[in-house]
Amino acid sequence: MIEYKQTICPYCSCGCGIYLVIEDGKIIGQEPQNEHPINEGGNCPKGRNAYQFLYSEDRLKTPLIRKNGELVQSTWDEVFELITSKLKEAEPNEFGLLASGKNTNEDAYVQQKFTRVVMKTNNVEYCGRLCHSSTAAGLGPTVGSGVMPISQMDIEKTDCIFLVGINLKETFPLMAKRAMRAKAKGAKIIVMDPRKTITARELGDIHLQLEAGTDVLVLNSLMKIILENELEDKEFIESRTTGIEALREHLTSLDLQEMSKISSVSLKDLNKTARMLAKAKTCCVIYNQGLNQHTTGTDGIKALATLALIIGQYGRPGTGLCPTRGQINGEGTGDMGCLNVFYPGFQRVGTPAEPHIKFGELWGVENLPAEPGLPYTKMIQQTKYMWIIGTNPMMAAPDVDRVRESLEAKELLIVQDIYLTETAQLADIVLPVSTWVEREGVHAYVDRRVQKINKLVEPPGDAKPDWWVVCQVANRMGFKDKFDFSSPSEILDEIRKVVPPYRGITYERLENTLGGIQWPCPSEDHPGTSTFFTEKFNTPDGLGHLQVIEYKPPAELPDKAYPYILSTGRSIFHYHTGTMSRRTPKLDAEVPINYCQVNPKDAAAKNITDGCKITLSTRRGSIEAKARLTDDVPKGFVFLPFHFSESCANKITNPVLDPSCGMPEYKVCSVNIEVVK
Ligand SMILES: Nc1nc2c(c(=O)[nH]1)N[C@H]1C(S)=C(S)[C@@H](COP(=O)(O)OP(=O)(O)OC[C@H]3O[C@@H](n4cnc5c(=O)[nH]c(N)nc54)[C@H](O)[C@@H]3O)O[C@H]1N2
Ligand SMILES: Nc1nc2c(c(=O)[nH]1)N[C@H]1C(S)=C(S)[C@@H](COP(=O)(O)OP(=O)(O)OC[C@H]3O[C@@H](n4cnc5c(=O)[nH]c(N)nc54)[C@H](O)[C@@H]3O)O[C@H]1N2
Ligand code: SF4
Ligand SMILES: [Mo]
């Protein structure tokens, strides 16, 4: 029998609808979903090739256990026994759990609960640390919340869009479609990126092609021009913000010519952009990793939010500063508390709200951890026992040779994934899980939109849902009454009790609301919340706090030995560490091997020709990639995707962190390039 079943794409956080064609329990095809409000029938190449990864021959089908140095097949009972006996020996601060941007909220919730209730530590993190930790650190003090404050649909209602460090056409293609529609109706789009990306070329009316890592200079310049020409929104500043005098004083002291020179953005473009932004009725500012992934990412975000505040672009549909978490559940895993300082619902440890006491009462346990846990990269270095679920630090974390040393030294390394990833290959125990349409649960997509995935097919072999595995271990460690869940819906019931913004979200409602419900949704008759900050910000005094930011250069700049800037990022055809997209034949065929974008002038100086193999060397190590000569990158700057294990970008990236949030500087380090002889 052939059936058509609706689901949501497994890749980015736009959350597009698709139909799967299922014959006798196996997916045999797919079609876009015309009536889904996010994509209205459109899908990008990943969404059009969404399901093949499920059927890759090398899906994990049984638990594996390391014996005499080899990973061999095992049983759930055997691995549970070993995990339980080992974890009973661990002191709280010796244990760490890395959760996943690929899991459901129900999975994530039990993972953080396990870490806090059973292991008594806040050492729980997920890829959000590598993705938007600077957002939390930057927007917390500025507007009080680091979530996307509007609906992605409203992007098309704007008359100006400012895209900062985001390659929207490749990374959020269906959001780019909304920006295209706004443009067709006359909206102006400004793209700020050191590369002439397809986004800059096809969407941008102005391309601010700044030097990498100089965003703060450009943003300070724009604010200076706005204030000195009285283009600011005086009423908004007066009624909704604080700190204008200090900001004005700071900007007055800065030299526009000098900032323009260092950033390479001309005074003409700065003036034009400042006016475009200030004169827009509805301006949406969307940013991502080009701003985040620096040692100064938090500074950049504070400056950008301050800019949006002084032009009064907050609190209405289609306005505000929009951080774009990219993983399918990048938002939800954070909502559920898989972060070292946040209990579920972003209840920060160490605040007067005392979440450890509150959750102690809700969960019926004592002595919950009150101190912050370790951030992602430090957890890898400093714990003895690790449980890594649905994240692949051997590819995604910076300086992976150091990551390998740390992981190899663990007393116990458990990796729970759908493949034997680069990280799983180092594990003592590998746990096979079901994914995507092999289980049910909810995700929160980029704009806090909660949508449900239904179970449509069976997982391979003995693979089990992520939540089930964690509950089994918790039960065996003596916490049966706290993890007595027999289905994800029972977990969601508990989530709804302890995370107020999810209170009104039920499976039944989601199944009847195509496009999902945006949290906060405090009750079952509440429609969900599209726009934040309509009356006040989430800061203690309800005001937007304008921030004074000084420019600081990136940690590692070009020198004689390493004369170029290396920046890393994404291609539309692949996803992160490649585990899924590289097992999808059509996507892999598009970009089968890693490439490095090099400016033709740099190439000529080094005898590099298009398509030839080059070595990229940094202070961490060397890798090889295929040179792609293009004017899309400026002279002195090379760009490398991080999707390819045999040409692993993170072998050479700089592990230095933003001190305020632990974000690695993936976007700038110094590198040398040479032809492979
Ligand atoms: N195809 C695809 N889509 C994805 C993903 C994927 O892996 N593949 N991942 C998802 C996830 S989790 C995320 S977080 C998003 C990431 O989405 P993006 O942030 O859009 O992706 P990146 O390619 O990492 O970086 C964006 C841009 O930042 C620019 N940049 C580099 N340095 C600077 C700088 O100093 N200043 C400025 N202004 N720009 C700079 C780069 O040239 C690049 O074009 O994508 C999501 N969508
Ligand atoms: N150099 C460089 N590095 C970067 C970045 C960059 O721009 N440059 N970007 C950073 C950013 S923004 C992000 S978000 C991170 C992403 O880093 P990761 O989240 O580590 O990358 P993914 O490849 O998405 O890893 C997800 C893992 O989950 C597995 N998986 C899939 N479905 C399931 C499931 O249902 N259950 C379980 N248990 N596992 C599953 C996949 O096989 C894969 O191993 O990378 C960061 N690293
Ligand atoms: S835009 Fe994102 S959600 Fe939509 S089809 Fe592409 S990868 Fe999937
Ligand atoms: Mo991300």
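Worth saying up front: this structure is predicted, and the values here are computed from it rather than measured.

**Describing the site of ligand 3**
Moving on, step 1. With respect to spatial proximity, the complete set of residues near ligand 3 consists of Cys9, Tyr11, Cys12, Gly15, Cys16, Asn43, Cys44, Lys46, Gly47, Pro173 and Leu174.
Moving on, step 2. Going through the elements one at a time, α1 (45-48) and α7 (173-184) are the ones with two or more residues in the shell around ligand 3.
Moving on, step 3. Partitioned by chemical class, the residues of the shell around ligand 3 number seven nonpolar, three polar and one charged.

**Observations concerning the sheet that holds strand β9 (residues 188-192)**
The strands that make up a sheet are held in pairs by hydrogen bonds between backbone atoms, and each pair lies either parallel or antiparallel.
Moving on, step 1. With respect to topology, five strands assemble into an open sheet ordered β10-β9-β8-β12-β13, the strand pairing being parallel. Edge positions in the sheet fall to β10 (206-208) and β13 (320-323), since each has one partner strand and no second. Neighbour-to-neighbour, the strand axes of this sheet turn through a mean angle of 15 degrees, independent of strand direction.
Moving on, step 2. Bridge count for β9 against β10 is three bridges, and the pairing is parallel. Residue pairing in the sheet places Val191 in a bridge with His207 of β10.
Moving on, step 3. Sheet strands in contact with helix α13 (residues 267-279) are β8 (160-164), β9, β10 and β12 (283-287), and its direction is about 120 degrees off that of β10.

**Remarks on the packing of aromatic side chains**
Moving on, step 1. Within the structure shown, the criterion is met by 21 aromatic pairs.
Moving on, step 2. Relative to Trp468, the ring of Trp76 has its centre 5.7 Å away and its plane inclined at 85 degrees; by these criteria the two rings are edge-to-face. Of this pair, Trp76 sits in helix α2 (residues 76-87) while Trp468 is found in helix α21 (residues 466-479), placing the two residues 392 residues apart along the sequence.
Moving on, step 3. Classification of Trp76 by relative accessible area gives buried; the value is 7%.

**With respect to the side chain of Gln327**
Moving on, step 1. One can find Gln327 in the loop between β13 and α16 (330-335).
Moving on, step 2. Residue contacts for Gln327: discarding those within four places in its chain leaves Tyr11, Ser13, Gly101, Lys102, Cys127, Tyr575 and His576.

**Regarding the pattern of salt bridges**
Moving on, step 1. Taken as a whole and assessed by the stated rule, the structure comprises 39 salt bridges.
Moving on, step 2. In this structure, Lys5 engages Glu3 in a salt bridge whose closest nitrogen and oxygen atoms are separated by 3.8 Å.
Moving on, step 3. Using a relative accessible area of 30% as the deciding quantity, one classes Glu3 as partly exposed.
Moving on, step 4. One salt bridge connects Glu556 with Arg619, and the closest N-O pair in it is separated by 3.2 Å. With Glu556 in the loop between β22 (544-545) and β23 (564-569) and Arg619 in the loop between β25 (613-617) and β26 (622-629), this residue pair connects regions lying 63 residues apart in the sequence.
Moving on, step 5. Look at Arg619 and you get partly exposed, because its relative accessible area is 45%.
Moving on, step 6. Through salt bridges with shared partners, a single ionic network connects Glu40, Glu156, Arg178 and Arg181.

**Here's the deal with the nonpolar core**
Moving on, step 1. In this structure, Phe114, Phe162, Leu304, Tyr314, Trp387 and Trp436 are the most contacted members of the largest nonpolar core, which totals 169 residues.
Moving on, step 2. Here this core gets nine residues from one element, more than from any other, and that element is helix α9 (residues 215-228).
Moving on, step 3. Residue contacts for Trp387: discarding those within four places in its chain leaves Phe95, Gly96, Leu97, Leu98, Phe114, Ile414, Gln416, Leu431, Val469, Val470 and Val473.
Moving on, step 4. One finds Leu130, Ile388, Leu426 and Ala427 within the second-largest nonpolar core, a separate group that totals 25 residues.

**Remarks on the site of ligand 2**
Moving on, step 1. Around ligand 2 lies a shell of 34 residues, among which Thr391, Asn392, Ala396, Asp417 and Thr577 are the nearest.
Moving on, step 2. Contact with the protein chains hides 99% of the accessible area of ligand 2, taken as 930 Å² for the molecule alone.
Moving on, step 3. Where the shell around ligand 2 is concerned, the elements lending two or more residues are α4 (128-131) and β17 (412-417).

**Some points on the pairing of β17**
Moving on, step 1. Of all six residues in β17, six are buried, a share of seventy percent or more.
Moving on, step 2. Residues Leu412, Ile414 and Gln416 of β17 are buried on one face, and the alternating residues Leu413, Val415 and Asp417, pointing to the opposite face, are buried as well.
Moving on, step 3. Of the strand pairs in this sheet, strand β16 (residues 385-389) and β17 are connected by five bridges, and their pairing is parallel. Pairing of Ile389 across the sheet is with Gln416, part of β17.
Moving on, step 4. Taken together, the four bridges between β17 and strand β18 (residues 429-432) define a ladder with parallel strand orientation. Following the sheet pairing, Asp417 is matched in β18 by Pro432.

**A word on the domain arrangement of the protein**
Moving on, step 1. We note that the domain assignment places domain 1 (2-50), domain 2 (64-129 + 338-518), domain 3 (133-323) and domain 4 (564-675) within the protein.
Moving on, step 2. Each of domain 1 and domain 4 has a C-alpha centre, and the two are 31 Å apart.
Moving on, step 3. At the interface, six residues of domain 1 touch nine residues of domain 4.
Moving on, step 4. The junction of domain 1 with domain 4 conceals about 710 Å² of combined surface from both sides, 72% of it contributed by carbon and sulfur atoms.
Moving on, step 5. The largest contributions to the domain 1 side of the interface with domain 4 come from Tyr11, Lys46 and Asn49, which together make up 72% of the buried area.
Moving on, step 6. On inspection of domain 1 and its partner domain 4, the count reaches zero salt bridges.
Moving on, step 7. Between domain 1 and domain 4 we count two residue pairs in polar contact (both at pLDDT 80 or more) in total.
Moving on, step 8. Its residues assigned to classes, the side of domain 1 that touches domain 4 shows four nonpolar, one polar and one charged.

What counts, and where the lines are drawn
- Residue numbers restart at each chain and count upward from 1, following the sequence in its written direction.
- Lettering of chains starts at A and numbering of ligands starts at 1, both following the order in which they are written.
- Selection of residues for local features in this predicted model requires a pLDDT of at least 70, selection of side-chain atom pairs for listing and counting requires 80 or more, and totals for whole chains, interfaces and linings are taken over all residues.
- Heavy atoms from the whole structure form the basis of all side-chain values; hydrogens and water molecules are not counted.
- In these notes, residues near a molecule or strand are those with any non-hydrogen atom within 4 Å of it.
- Only DSSP runs of H or I reaching four residues or more are called helices, and only runs of E reaching two or more are called strands; each is numbered from the N terminus.
- Residue type decides the class: Asp, Glu, Lys and Arg count as charged, Ala, Val, Leu, Ile, Met, Phe, Trp, Tyr, Cys and Pro as nonpolar, and the leftover types, Gly among them, as polar.
- Criterion used throughout: strands pair if DSSP finds at least two bridges between them.
- Angles shown run from 0 to 180 degrees and are taken between the N-to-C directions of axes, each axis being a line fitted to C-alpha atoms and, for helices, limited to the stretch in contact.
- What makes two residues a contact is simply this: any of their non-hydrogen atoms within 4.5 Å.
- Stacked, edge-to-face and tilted are the three classes for Phe, Tyr and Trp ring pairs, Trp counted by its six-membered ring, which pair at centre distances within 6.5 Å; planes under 30 degrees apart are stacked, over 60 edge-to-face, the rest tilted.
- Relative accessibility thresholds used throughout: buried, under 20% of the residue-type maximum; exposed, over 50%; partly exposed, between the two (1.4 Å probe, protein chains only).
- Salt bridges, as used here, are contacts in which a Lys or Arg side-chain nitrogen is within 4 Å of a carboxyl oxygen on Asp or Glu.
- By nonpolar core is meant a set of buried Ala, Val, Leu, Ile, Met, Phe, Trp, Tyr and Cys residues that side-chain atoms within 4.5 Å join together.
- Only the protein chains shown count as cover for residues, and all accessible areas are computed by the Shrake-Rupley method using a 1.4 Å probe.
- Segmentation of the chain into domains, including their bounds, is taken from an automatic or database domain assignment.
- Buried surface area refers to the total accessible area, computed with a probe of radius 1.4 Å, that the two partners give up upon joining, counted for both partners together.
- Any pair of nitrogen or oxygen atoms within 3.5 Å is treated as a polar contact; in protein, a donor-acceptor pairing is required on top of that, and neighbouring residues in sequence qualify only through side-chain atoms on both sides.

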